[in-house]
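Listed below, chain by chain, are the residues.
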Amino acid sequence: MTRSMKSLLSASISFLILFLFANCGNMDNDYIDPRGNVYAGSVSCKECHQEIYNDALNSSHYKASAPATMENVLGNFSSGHNIYFYDKDTKIVMEHRNNGLYQVHYKNGKEVKAYRFDITMGAKNAQTSLFWDNDKVYEMPLSYYTSVQNWGTSPDYPVHQPYFDRLIAKDCFECHSSYLERKQERTPSEEYFGREKTPEVMKKESLVYGIDCERCHGPGINHVNYHTIYPEIKTAKYMATNKSLTTQQRVDRCAICHYGDDKLKLQSRFQFMPGDAISNFYSESYPNPDADLDVHGNQYGMLSQSKCFLESKTMDCISCHNPHKDATEGLLYYSQKCMSCHKETNKNFCTTKTPTGISLKDNCIDCHMPKKASGAISFMLSGKSEMSSYMLRSHRIAIYPAEEQKKTTVKKK
């Protein structure tokens, strides 16, 4: 037998062992992933990646959607902090009852109907909740906003009357979960030209909550089984990693959700796999320097308008962000990311003059990535007459004259 034949035979035997091991593993494992038997589930990552796994469980990515348990639902349910008044006769009260949490509609002091919290979406800036009605999903009229630590109207909801009839489409779950399947898929015409005409009837049991490990790294069963057989091999096999992807592929992996324009979507984002090109999923690609983008939901588009990003060959989302953790570090930490290129000894260092005692390098962020009010999202608080702004940090890295002016006029404390 020739050397090449022996190598081929050895490779074939290894693949067969891996295949048999995978199937045996599936039979012994109680976990069945709705996406198919090539998925292992995030808990399978725990044994080898304990620290990353623990961080990810507490991240906004993983909490992008979750079961509406006491642990997951934000907001105050105690008396005096759990009521939203539409008028003197109409209110919604957030109530904890024996079998769950509810938004309860009252009219003239009498209960009209109670709607149970079933699914939460979001956990950092705000949290909106959903409820099931048979196989359809609806959005609650009140959301919880962490910036004001209070309940307010959900985005685009009436401020003078309760509304429980907003049907939630699969599109929303494509960025807030890892999988959800319709009971009956639509035709291409229904999917892209007549979405509102065809009701979204979902398979409840198919929902995979949150943005899990395999949403960003791809199906993991072969990876798990291979490294179970060969634990001494430290190079990741059968798995998309940051090292295995190009800079653009890493950006596209984030942009599939942080692009934010369903009107331009060509196919379901659930079909995206790490390594795919975002141009296959949207009808318009960036950079588009003239687009007027909102700070909500389109971080990729705004980043693509940034000179820093356009001139760099290596800058991507993980240059500044750890996707397994929330951005909890202070402004100094992120300013140091800027300083890795914009050093004081370089000609590209900021020239803004500030009062004595204030160091530019301690806070690049507020000037060049300021928080802006979203034009897409605002909310009303109970008893108020004006809408409250939803503030998010801009990802368009640029010179903002108004913010620069604030910096130069700050007095030393």
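Residues numbered from 1 in each chain as written. Predicted model: local features only at pLDDT ≥ 70, side-chain atom pairs only at ≥ 80, totals over all residues. Heavy atoms only, no water.

Trainee: Can you break down the overall build of the protein residue by residue, with the values?
Mentor: When helices and strands are counted, the protein shows 12 helices and 14 strands. Every one of the 413 residues in the protein was classed for burial, and the buried ones make up 38%. For the protein, contacts bridging at least 24 residues in sequence account for 57% of all contacts bridging at least 6. (Helix = DSSP H or I, 4+ residues; strand = E, 2+ residues; numbered from the N terminus. Buried < 20%, exposed > 50% of the residue type's maximum accessible area, 1.4 Å probe, protein only. Contact = heavy atoms within 4.5 Å.)

Trainee: Explain the sheet that holds strand 2 (residues 83–87) to me, and be specific about the residues and the numbers.
Mentor: On the basis of which strands lie adjacent, the open sheet formed by four strands has the order 2-3-4-5 and antiparallel pairing. The strands lining the two open edges of the sheet, one partner per strand, are strand 2 and strand 5 (110–116). Sheet twist, expressed as the mean angle between neighbouring strand axes with direction ignored, is 25°. One ladder, built from four bridges, connects strand 2 with strand 3 (residues 90–97); its direction is antiparallel. (Pairing = 2+ DSSP bridges. Axes fitted to C-alpha atoms, helices over the stretch in contact; angles between N-to-C directions.)

Trainee: Hey, could you go over the pattern of salt bridges for me, with residue numbers and the actual values?
Mentor: Evaluation of the coordinates by the stated rule reveals 16 salt bridges. Note that Lys 325 is salt-bridged to Asp 55, the shortest N-O span being 3.9 Å. Of the two residues, Lys 325 sits in the loop between helix 9 (307–311) and helix 10 (331–339) while Asp 55 sits in helix 2 (residues 50–57), which places them 270 residues apart along the sequence. Overall, Asp 55 belongs to the partly exposed group, its relative accessible area being 25%. Close ionic contact of Arg 250 with Asp 316 constitutes a salt bridge, the shortest N to O distance being 2.6 Å. (Salt bridge = Lys/Arg side-chain N within 4 Å of Asp/Glu carboxyl O.)

Trainee: Let's hear about the environment of Gly 330: which residues, and what values?
Mentor: Along the chain, Gly 330 turns up in the loop between helix 9 and helix 10. Accessibility expressed as a relative area gives 45% for Gly 330, which makes it partly exposed. Along the sequence, Gly 330 and Asn 363 sit 33 residues apart, while their C-alpha atoms lie 9.3 Å from each other.

Trainee: Let's hear about the packing of aromatic side chains: which residues, and what values?
Mentor: Going through the model one piece at a time under the given rule, you end up with 19 aromatic pairs. Judged by centre distance (4.9 Å) and plane angle (50°), the rings of Tyr 226 and Tyr 230 are tilted. Taking relative accessible area as the criterion, Tyr 226 reaches 14% and is therefore assigned buried. The exposure class of Tyr 230 is partly exposed, given its relative accessible area of 24%. When the centroid spacing of 5.5 Å and the interplanar angle of 65° are considered together, the rings of Phe 272 and Phe 281 count as edge-to-face. Residues Phe 272 and Phe 281 agree in their burial class; the two are buried. Members of the aromatic cluster, connected to one another through ring pairs, are Phe 77, Phe 117, Tyr 144 and Trp 151. It is Arg 97 that lies over the ring of Tyr 102; its NZ or CZ is 5.7 Å from the centre. (Phe/Tyr/Trp six-rings, centres within 6.5 Å; stacked < 30°, edge-to-face > 60°. Lys NZ or Arg CZ within 6 Å of the ring centre and 35° of its normal.)

Trainee: Quick one: what's the story with the pairing of strand 8 (residues 136–139), residue by residue and with numbers?
Mentor: The two faces of the sheet receive side chains in turn, since in a regular strand these alternate between them. As paired elements, strand 7 (residues 126–133) and strand 8 share four bridges and run antiparallel to each other. Counted as the bridge partner of Leu 130 is Glu 139 from strand 8. Between the end of strand 7 and the start of strand 8, which pair antiparallel, lie two residues, with Asn 134 showing a positive phi angle near 60°.

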